[in-house]
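Notes for the structure review
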Protein chains: 2
Amino acid sequence: MDSNLKTGFIGLGAMGWPMALNLHKAKLLAAAYNRTHAKAVALAKETGCLAAKDILELAKHCGAVVLCVTADQDVLQVMDALAATLKPESLVIDCSTVSAATAREAAARLSKRKIDFLDCPVSGGTEGAKHGTLAMMCGGNEKAFQRAQPILNALGKRIVLMGSVGAGQATKAVNQIAVAGIAQAITEALAFAEAEDLPLDKVIDVVGSGAAGSWFMTHRGPTIAQGRYPLGFKVTLHDKDLGIVQQMAAARGAQLPVVEMTRVHYRRLLQAGHGDEDISALFRLKRQLFKH
Amino acid sequence: MDSNLKTGFIGLGAMGWPMALNLHKAKLLAAAYNRTHAKAVALAKETGCLAAKDILELAKHCGAVVLCVTADQDVLQVMDALAATLKPESLVIDCSTVSAATAREAAARLSKRKIDFLDCPVSGGTEGAKHGTLAMMCGGNEKAFQRAQPILNALGKRIVLMGSVGAGQATKAVNQIAVAGIAQAITEALAFAEAEDLPLDKVIDVVGSGAAGSWFMTHRGPTIAQGRYPLGFKVTLHDKDLGIVQQMAAARGAQLPVVEMTRVHYRRLLQAGHGDEDISALFRLKRQLFKH
C-alpha cells in the first residue's frame, strides 16, 4: 500500500459501513473510527483494520481520511481533530452531505496545516455504497482530485470534479432537489395506479421503460408495491439536506416549489413517526389522498 | 404479409409518422390516412403504401388499423368510421392517449361488428417512436393482444397487457403523473445548478448516474442546458393528458399535488406562448425563480 493512501474511515453508518468495506477490498483501509465504538470494533473484526478509540488515534496511522457523517457541525469538529494530528500533505475526503459553506470552512481549517481537502458527497443509495457504484460529486483542486483517485475509484463509478471546494456540495444539493421531485412523482403515480386497481408490478415494468424511467422507479417501486419502505435513504436525512437547499436558494432570493412541497410532506411523515423510513414512504401520504 | 395484418395507420403526427415508418420496415404497412392529406401522400411516396383519402378507403385495404390521434372525440369519430367499413374479426389498436372511459366506449362501438380493440398508449417520446423502443401499455383481451404481437413488436420494446380494455389508458395516466413530477424535479434541479454556476454538462452526467438517474435527465438535460426545448412532447398535449388524470382522480375524490402544481405551471407557459415547446420548457419558469 502506498503509505500516503493508508486510509482511515470516520462514520460507519448505512452508507459509511459498506463504503469502508470497499476500501478494505481495495487494500486501502487502515483504520476506522465511529462515535459508537462497537461498530468500529465490528469492522476491525471483519477487515483487520485498526478500531481507533478516537480521531487522534486514527489520524496517526493514516495518510488519508474519508468521512461520512451527518451534520455540518460534526464535519467541522472532525476537521479540528484531524488538523491537530494528521501529517502535512495528508488528504481528507468528506463524503458527508453538508452545505457548500461548511465545505469551504473545512478546507480553510485544514489548509493551515497544508492538508488537502475534497468535498465529495455521493449519490446512489445504500445499493451504490455496497456495490461501489456511487456517483461522486467532488469539489477541490485538480492535484488533490488526482491523488484521491485510488480511493474514489474504490467507492464509486461516476466520479466528477465539479469545481473548487464547495462545488461538490452544490452539486449534491442539485441531486437532492431532483430526488425529491422524482420521489414525489413515482409515489403519486403508483398511488394512482393502486387506486385504479392496476397490477403494480406490471406498471413498474412498463412505465419504468418509457419517459418516466428512473432509478427510483426501478429500485424503490418494487418495495413501494409491497407497502414497505426499507432504507435506502431516511426521511430525516433528506429533510435535513432539503433544509440546506432552501438556505442556499434563499440566499439567492428563490423559493423552490418542489422542495417546499416535499418538506411540507416530510413534516407530516415525521409527525406520524416515519422519519426513520426510506423517503419512498411518501407513498403513505399519496395513498391517503384516495381514502375518504 | 398475413393479409389479416395488412395495417392501416391513422394520424401521422410527431409520434405517428415514425411509428408508421417502423410498420413499413416490418412489412406491415398497407395504407395511411391523415387529416392533412399531404402527410399521407408524403408517407406513401416514402413507403409505397396507399395514401387513403378517407378512413373508409383505408379500412377497405386493411385487416388491422393503428391510430395515434389527439383527442377523445377524434378517437370515437374514427371508431364510427371503422365500424362502418372494417371486416368482422379485424383488429384496431389505439395508441392515442385518451381516458379509460373513451377506450371502453371505443371497444363497445367496434364489438357490435365483432372487431377486436386494444387500447395501447405509448411512452418513450419521439426517440422511442423512431427507434421502435416505445413502452406500450395495453388493455384488452388476451386473444386480441396475441394477434397484435407482430404489429406491437414493430413499434415498441416493452409491451405489457395491463388488464381489460381501459387498463392501458389507466397505466398511461400513471405514466403522465410520473413524467410531470420528474420534469418538475429535473428542471428545478438544473435551474438551481445554473444559479450556483455549476457546469451543467457535468451535473447532468454525475447527478444522472445516481439516485436521480432518469430518462428525462439523460434525454432532456442536454437540451435544457442549452436553453432549448425541442419536441419531444408538447406542453399542450401533456396538459391535456393531465386534465384526464385530474378527472380520473376526482372521480375517486382525490386531488394530486404534483399534477395540480404542474397544471398551474403549464398554464403560465401556455399564456406566455410556449405551448408548442417540449415540456422541458418548465425550465423557463424555474429559471425565473432566481431572477429578481
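Residues numbered from 1 in each chain as written. Chains lettered and ligands numbered in written order. Predicted model: local features only at pLDDT ≥ 70, side-chain atom pairs only at ≥ 80, totals over all residues. Heavy atoms only, no water.

1. Some remarks on the overall build of chain A
Cut-off, in case you're wondering: The helix and strand labels rest on DSSP assignments: H or I over at least four residues marks a helix, E over at least two residues marks a strand, and numbering proceeds from the N terminus. Here the globule rule reads 2.2 Å times residues to the power 0.38, and the radius of gyration is calculated from C-alpha atoms. Residue burial is assigned from relative accessible area. The probe radius is 1.4 Å, only protein chains are included, and a residue is buried under 20% of its type maximum, exposed over 50%, and partly exposed in between. Any two residues whose heavy atoms approach within 4.5 Å are treated as being in contact. Under this rule, positive means Lys or Arg and negative means Asp or Glu; His and the chain ends count for nothing. We put the charge of a Lys on NZ, of an Arg on CZ, of an Asp on CG and of a Glu on CD.
Each helix and strand counted, chain A has 14 helices and nine strands in total. Relative to the globule expectation of 19 Å for 292 residues, the C-alpha radius of gyration of chain A, 20 Å, shows essentially globular dimensions. Expressed along its principal axes, the backbone C-alpha trace of chain A runs to roughly 65 × 45 × 35 Å. Evaluated residue by residue, chain A yields a buried proportion of 63% over its 292 residues. Considering only intrachain contacts with a sequence separation of at least 6, the fraction spanning at least 24 residues in chain A is 65%. Each charge sign in chain A was given a centre, from 33 positive and 26 negative side chains, and these centres are 4 Å apart.

2. What about the relation of the copies chain B and chain A?
Threshold: Each copy is superposed on the other by least squares, with the fit set by C-alpha atoms of residues at a pLDDT of at least 70 in both.
For the match of chain B to chain A, the screw axis carries a shift of 0.0 Å, the RMSD comes to 0.0 Å, and the turn is 180°. On the angle and the small slide along the axis, the relation comes out as a two-fold axis. In terms of C-alpha distance to the rotation axis, chain B has Ser 214 of chain B as its closest residue, with the C-alpha 2.0 Å off the axis. A share of 100% of interface residues in chain B that are also interface residues in chain A marks the association as one of identical surfaces.

3. Considering the pattern of salt bridges
Heads up, the condition is: Salt bridge, as used here: a side-chain nitrogen of Lys or Arg that lies within 4 Å of a carboxyl oxygen of Asp or Glu.
Applying the stated criterion across every chain, the model contains 32 salt bridges over all chains. Put simply, Asp 278 of chain B and Arg 220 of chain B hold a salt bridge, and the shortest N to O gap is 3.4 Å. One end of the pair, Asp 278 of chain B, is in the loop between α13 (257-271) and α14 (282-288); the other, Arg 220 of chain B, is in helix α11 (residues 215-225), and 58 residues separate them in sequence. As far as the burial class goes, Asp 278 of chain B and Arg 220 of chain B line up, both buried. It is possible to trace a salt-bridge network through shared partners that takes in Asp 80, Glu 105 and Arg 109 of chain A.

4. Some words on the environment of Glu 57 of chain A
Residues and elements named next belong to chain A. Residue placement: Glu 57 occurs in helix α3 (residues 55-60). Expressed as a C-alpha distance, the spacing of Glu 57 and His 292, which sit 235 residues apart in the sequence, is 59 Å. Aside from chain neighbours lying at most four places away, what touches Glu 57 is Leu 50, Ala 51 and Ala 52.

5. Some remarks on the interface of chain B and chain A
The test is simple: Reported buried area values correspond to the accessible surface (1.4 Å probe) lost by two parts on association, with both partners' losses combined. In the analysis that follows, any N or O atom pair within 3.5 Å is treated as a polar contact, provided that within protein one partner can donate a hydrogen and the other can accept it, and provided that, for residues neighboring in sequence, both atoms belong to side chains. We call Asp, Glu, Lys and Arg charged. Ala, Val, Leu, Ile, Met, Phe, Trp, Tyr, Cys and Pro are nonpolar, and the rest, Gly among them, are polar.
Facing 61 residues of chain B, the contacting portion of chain A comprises 61 residues. For the pair chain B and chain A, the two sides together bury roughly 5,100 Å², of which 72% comes from carbon and sulfur. When residues of chain B are sorted by the area they lose upon contact with chain A, Phe 192, Ala 211 and Arg 252 of chain B head the list and together hold 12% of the total. For the interface between chain B and chain A, the tally reads four salt bridges. Between Glu 196 of chain A and Arg 252 of chain B there is a salt bridge, and its shortest N-O distance comes to 3.0 Å. Our enumeration of links across chain B and chain A arrives at 16 residue pairs in polar contact (both at pLDDT 80 or more). When residues of the side of chain B that touches chain A are traced back to their parent elements, those giving at least two are β8 (134-139), β9 (156-163), α9 (167-195), α10 (200-207), α11, α12 (235-250) and α13 of chain B. For the side of chain B that touches chain A, the element with the highest residue contribution is α9 of chain B, accounting for 19 residues. Residues of the side of chain B that touches chain A, tallied by class, amount to 40 nonpolar, 14 polar and seven charged.

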